[in-house]
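A look at the structure
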Amino acid sequence: MTAVRPESPPATRPNWVRALYERRRWLWVVPVVPAAVVALLVMAVLPPDQTLDNLGEFALKLVPFGCAVAAVALMPRWRVAPWLLLLAVFVYMGYLDTELVLRIQEYGRTALTDEGTFAPIYQFELFITTFIVLFALMAYRLGGARTANVLKTGLAAILVVISGLNDLTFWAANDVWAAGEKPEALHWASHMIVFTGGPPSVPTAVVFMVIHLALAGVIVALPVGKWVDRKLAP
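This structure is a prediction, so every number in the text was calculated from the model and none was measured.

1. Observations regarding helix H10 (residues 202–221)
The first and last C-alpha atoms of H10 sit 29 Å apart over 20 residues, in line with the 28 Å expected at 1.5 Å per residue. Residues of H10 that are buried include every one of Val-202, Ala-205, Phe-208, Met-209, His-212 and Ala-216, and no others. Within H10, the buried residues cover an arc of 120 degrees as seen down the axis, which keeps them to one side. In this structure, H10 carries Pro-203 and Ala-221 as exposed residues pointing more than 90 degrees from its buried face. Looking at the packing, one finds that the buried side of H10 touches helix H7 (147–161), helix H8 (165–173) and helix H9 (190–196).

Take a look at the structure:
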């Protein structure tokens, strides 16, 4: 009589969602490192640059924003949340607001003799925009929002920021042009130019914006939370 060998249990695929969830207490620190390193590189090491020359540079300058969104989405909901939010307001009023005014004053003193002095203002304005978005996301997270919803909202916010919405409103609202009339193309929108290959016309910029806003809406509507819940279910 031959012995019956017991059947081996079926191989299970690794559940990386559960693995990450079990390490959620400190997981938020992981994206902080690349966010801080690249932000330091862009803001303190590389010279201020008002234009993007290629897709690689575009991606590099989005790394801090994307990683910071991930860090905020994974941040534990600490009891000290009110103090963190007050600290963020303190940083804004104590440094960011003052530094922006100082840079504007410096531009006013040197604009007639140095055409490159606007670049530091533009760079710092983008930094402030990122700070404001992250501040809102942190308030959302610490107020009780789950990681999936914060991550979706953050990614959608990035798409809105890079959609060119402010470039179009600048074109529409600005009545002061060197040529005396509104330009036919948005020659300053270098983040569009790296995709279009040249200064986008106003209709092209509108299409560019609509695509990004539509993608943002799709991301917000995705049922990521339900998908994560299914992965975490026993």
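2. Let's talk about the environment of Leu-142
Topologically, Leu-142 is positioned in helix H6 (residues 118–142). In this structure the C-alpha to C-alpha distance between Leu-142 and Pro-76, which are 66 residues apart in sequence, comes to 7.6 Å. The contacts of Leu-142, once residues within four sequence positions are left out, are Met-75, Pro-76, Arg-77, Trp-78, Ala-81, Leu-84 and Leu-85.

3. Considering H7
Taking 1.5 Å per residue as the helical rise, H7 with its 15 residues ought to reach 21 Å, and the 21 Å between its terminal C-alpha atoms agrees with that figure. Every buried residue of H7 is listed here: Ala-148, Val-150, Lys-152, Gly-154, Ala-156, Ala-157, Ile-158 and Leu-159. Packed against the buried residues of H7 are helix H4 (55–74), H6, H10 and helix H11 (224–232).

4. Considerations on the nonpolar core
Within the largest apolar cluster, 21 residues are counted, with the highest numbers of intra-cluster contacts made by Phe-65, Val-69, Val-72, Leu-134, Leu-137, Met-138 and Val-150. Within the residue set of this core, elements represented by two or more residues are H4, helix H5 (81–110), H6 and H7. Among the elements that take part in this core, H6 stands out by supplying 8 residues, more than any other. Not counting the four nearest positions on each side in its chain, Val-69 is found in contact with Leu-134, Leu-137, Leu-151, Gly-154, Leu-155 and Ile-158. Trp-177, Leu-186, Phe-208 and Met-209 belong to the second-largest nonpolar core, a separate cluster that totals 10 residues.

5. A short note on the environment of Gln-123
Position of Gln-123 among the secondary structure elements: in helix H6. Take Gln-123: its relative accessible area is 9%, and that puts it in the buried class. Sequence spacing of Gln-123 and Pro-48 is 75 residues, and the spatial spacing of their C-alpha atoms is 6.3 Å. When residues no more than four places from it in sequence are discounted, the contact partners of Gln-123 are Val-42, Met-43, Pro-48 and Arg-103.

6. A word on the pattern of salt bridges
Going through the model one piece at a time under the given rule, you end up with 4 salt bridges. Between Arg-103 and Glu-99 there is a salt bridge, with its nearest N and O atoms 2.9 Å apart. Within this pair, Arg-103 and its partner Glu-99 are both found in helix H5, separated by 4 residues, close to a single helical turn. Residue Glu-106 pairs with Arg-109 through a salt bridge whose shortest N-O separation is 2.7 Å. Remark: Arg-109 and Glu-106 occur in helix H5; sequence separation between them is 3 residues, near one turn of the helix.

7. Details of the packing of aromatic side chains
Within this structure, the stated rule accounts for 8 aromatic pairs. Between Phe-195 and Phe-208, the aromatic rings sit 6.0 Å apart at their centres with planes inclined by 55 degrees, giving tilted as the arrangement. Of this pair, Phe-195 sits in helix H9 while Phe-208 is found in helix H10, placing the two residues 13 residues apart along the sequence. A relative accessible area of 11% places Phe-208 in the buried class.

8. A look at the packing of helix H3 (residues 29–45) against H4
In helix packing, the relevant descriptors are the interaxial angle and the interaxial distance, both defined with respect to the helix axes. H4 packs onto H3 with a crossing angle of 150 degrees between their chain directions and a minimal axis gap of 8 Å. With respect to the hand of their crossing, H3 and H4 are arranged in left-handed fashion. Where H3 approaches H4, its residues Pro-31, Val-32, Pro-34, Ala-35, Val-38, Ala-39 and Val-42 are matched on the opposing element by Leu-60, Lys-61, Val-63, Pro-64, Cys-67, Ala-68, Ala-70, Ala-71 and Leu-74. Of the residues that constitute the contact of H3 with H4, the class distribution is 15 nonpolar, no polar and 1 charged.

Conventions used here
Numbering of residues starts from 1 in each chain and follows the order in which that chain's sequence is written. With the structure being a predicted model, the display of local features is reserved for residues of pLDDT at least 70 and the display and counting of side-chain atom pairs for 80 or more, all residues being used for whole-chain, interface and lining totals. Calculation of side-chain values draws on the structure's entire complement of heavy atoms; hydrogens and water are dropped beforehand. To qualify as a helix, a DSSP run of H or I must reach at least 4 residues; to qualify as a strand, a run of E must reach at least 2; elements of each kind are numbered from the N terminus. Multiplying 1.5 Å by the helix residue count minus one yields the expected span of that helix. A simple rule labels every residue: compare its accessible area, found with a 1.4 Å probe on the protein chains alone, to the largest value its type can have, and call it buried under 20%, exposed over 50%, or partly exposed in between. Here the arc refers to the directions that run from the helix axis out to each C-beta atom. The contact rule is simple, with two residues in contact once any of their heavy atoms fall within 4.5 Å. Buried residues of nine kinds, namely Ala, Val, Leu, Ile, Met, Phe, Trp, Tyr and Cys, make up a nonpolar core once their side-chain atoms join them within 4.5 Å. What makes a salt bridge here is a side-chain nitrogen of Lys or Arg within 4 Å of a carboxyl oxygen of Asp or Glu, nothing more. Classification of ring pairs uses Phe, Tyr and Trp, with its six-membered ring standing for Trp, and accepts pairs whose centres are within 6.5 Å; under 30 degrees between planes counts as stacked, over 60 as edge-to-face, and the remaining range as tilted. For helices, the fitted line uses only the C-alpha atoms of the stretch in contact; every axis is such a line through C-alpha atoms, and the angle between N-to-C directions lies from 0 to 180 degrees. Each crossing gets its hand from how the near helix is turned against the far one by less than a right angle, where anticlockwise is left-handed and clockwise is right-handed. Only Asp, Glu, Lys and Arg are considered charged in this grouping, and only Ala, Val, Leu, Ile, Met, Phe, Trp, Tyr, Cys and Pro are considered nonpolar; every other residue, Gly among them, is considered polar.

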